Amino acid sequence: MPLPMVASQMKREFTLTSIDRHTATVMVFTMKPKKQEVINFKPGMFVTLTFEHDGKKYGPKPYSVSSSPLVKNEIELTIRKEGVFTQAFFKLEKGATINVQGPYGKFVLHEPIAPHMMLIAGGTGIAPMMSMLRHILDTGVKTHVTLLFSCKTDHDIIFKNELLHRADKFDNFSYVQTLTQEPADSSWQGHRARINETMIKEHIRTKEAQYYICGPNDFVTSVEEALDELEVPTDRIHKEKWG
């Protein structure tokens, strides 16, 4: 299925409709436009938010959309509590009004979609990856997706239940979780290291894979260095970083 056309970059009022806590510091916020309208964007794109709370205006601040473009009447944003903006945003309640502008961004799925995609995410870098993953799996695109996801501890894994469910349901999805600060005496049986050359090489299925990387600056740089060691052509590497 071809990717959706992108609507004009408009500033619109949205209503906060759902707040779902995933970890101690990360919440997933769902919001719908106040006017009945279709929301079009490509998987991986972001929007900017502005809002008012207690008489103060906050923003604009960008956040990747984590919902699938298949969902046309709402968007989902995955946000970590850090800094003045998010301290205030986390105090909002359902029904709050948020100004949303966009979509923006070049970190999107590239067509034609490769026979194997490796999504490599650190922390809340999982947000645009969820949009890509949901779109691919729910539209039946003929590709195999491998997700390498790095978090500090088991308690910091965002979308854990959905990822496990999708890995069990879809034969063309492989979910690889690694933890970098998990206590040594825990029952965790998976990887306990930063994503590195060895880990990536272990899960590559074809030399024609396309790589999508998202996370903090240091994380993305480290993954790029690992891919360079594996002699992955730069035109097969797509990245988004912050911080």
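None of these values were measured; they are calculated from a predicted model.

### Quick word on the overall build of the chain
Here comes step 1: The helix and strand inventory of the chain stands at five helices and eleven strands.
Here comes step 2: Rg of the C-alpha trace for the chain: 18 Å, near the compact-globule value of 18 Å for 243 residues, within the 12% margin.
Here comes step 3: In terms of its C-alpha atoms, the chain occupies a principal-axis envelope of roughly 50 × 45 × 30 Å.
Here comes step 4: Here the chain, with 243 residues, has 51% of them falling under the buried criterion.
Here comes step 5: Within the structure as shown, the chain displays about 12,200 Å² of accessible surface, and the carbon and sulfur contribution to it stands at 47%.
Here comes step 6: The centroid of the 30 positive side-chain charges in the chain is displaced by 6 Å from the centroid of its 29 negative side-chain charges.

### Re the pairing of strand β2 (residues 26-33)
Here comes step 1: Along β2, seven of the eight residues are buried, which leaves the element largely enclosed by surrounding structure.
Here comes step 2: Counted along the chain from strand β1 (residues 10-21) to the antiparallel partner β2, the turn is four residues long.

### Some words on the packing of aromatic side chains
Here comes step 1: Enumeration according to the criterion identifies nine aromatic pairs in this entry.
Here comes step 2: Judged by centre distance (5.2 Å) and plane angle (80°), the rings of Phe51 and Phe89 are edge-to-face. Taken as a pair, Phe51 in strand β3 (residues 46-53) and Phe89 in helix α1 (residues 83-89) lie far apart in primary sequence, 38 residues in all.
Here comes step 3: A relative accessible area of 0% places Phe89 in the buried class.

### Here we look at the sheet that holds strand β8 (residues 144-151)
Here comes step 1: Here five strands make up an open sheet; going across it, the order is β9-β8-β7-β10-β11 and the pairing parallel. The open sheet has two edge strands, β9 (173-179) and β11 (237-242), and neither has a second partner. This sheet shows a mean twist of 10° between the axes of neighbouring strands, independent of strand direction.
Here comes step 2: Two strands pair when backbone bridges link them, and β8 and β9 are joined in this way by seven bridges, in the parallel orientation. From the neighbouring strand, Val145 faces β9, where its bridge partner is Phe173.
Here comes step 3: Its contacts with the sheet put helix α2 (residues 126-139) on β7 (116-122), β8, β9 and β10 (210-216), and the angle it makes with β7 is roughly 150°.

### Section: the nonpolar core
Here comes step 1: Counting 31 residues, the largest nonpolar core has Leu119, Ile126, Met129, Phe149, Leu163 and Phe173 as the members making the most contacts within it.
Here comes step 2: At the level of secondary structure, the elements contributing two or more residues to this core comprise β2, β7, α2, β8, β9 and β10.
Here comes step 3: When residues in this core are grouped by element, the largest group, seven residues, is from α2.
Here comes step 4: Of all hydrophobic cores here, the second largest spans 26 residues; its members include Leu49, Val65, Ile79 and Ala88.

### Regarding the pattern of salt bridges
Here comes step 1: One pass over the full model with this rule turns up seven salt bridges.
Here comes step 2: One salt bridge in this structure joins Arg134 and Glu76, with 2.8 Å as the shortest N-O distance. Residue Arg134 is found in helix α2, and its partner Glu76 is found in strand β5 (residues 75-80); the two are separated by 58 residues along the sequence. Residue Arg134 shares its accessibility class with Glu76, and that shared class is buried.

What counts, and where the lines are drawn
- Every chain begins its residue count from 1, and numbering advances along the sequence as written.
- Per-residue local features are limited, in this predicted model, to residues with pLDDT of at least 70; the limit for side-chain atom pairs, both in listing and counting, is 80 or more; totals at the level of whole chains, interfaces and linings are taken over all residues.
- Note that the side-chain values use all heavy atoms of the structure and ignore hydrogens as well as water.
- Secondary structure is summarised from DSSP: a helix means a run of H or I of at least four residues, a strand means a run of E of at least two, and numbering begins at the N terminus for each.
- Only the C-alpha atoms count toward the radius of gyration. The rule for a globule is 2.2 Å times the residue count to the power 0.38.
- Burial status follows relative accessibility: with a 1.4 Å probe on protein chains alone, a residue under 20% of its type maximum counts as buried, one over 50% as exposed, and anything between as partly exposed.
- The protein chains shown are the only cover counted for residues, whose accessible areas, like all others here, come from Shrake-Rupley with a 1.4 Å probe.
- Two residue types count as positive, namely Lys and Arg, and two as negative, namely Asp and Glu; His and chain ends fall outside the count.
- Lys charges are placed at NZ, Arg charges at CZ, Asp charges at CG and Glu charges at CD.
- At least two DSSP bridges between two strands are needed for those strands to be called paired.
- Here a pair means two rings of Phe, Tyr or Trp (six-membered ring of Trp) with centres within 6.5 Å. Their orientation is stacked below 30 degrees between planes, edge-to-face above 60, and tilted elsewhere.
- Interaxial angles span 0 to 180 degrees and are taken between N-to-C directions of axes, which are lines fitted to C-alpha atoms, for helices over the stretch in contact.
- Whether two residues touch is decided by their heavy atoms; if any such pair falls within 4.5 Å, the residues are in contact.
- Think of a nonpolar core as a cluster: buried Ala, Val, Leu, Ile, Met, Phe, Trp, Tyr and Cys residues, connected wherever their side-chain atoms sit within 4.5 Å.
- We count a salt bridge whenever a side-chain nitrogen from Lys or Arg sits within 4 Å of a carboxyl oxygen from Asp or Glu.

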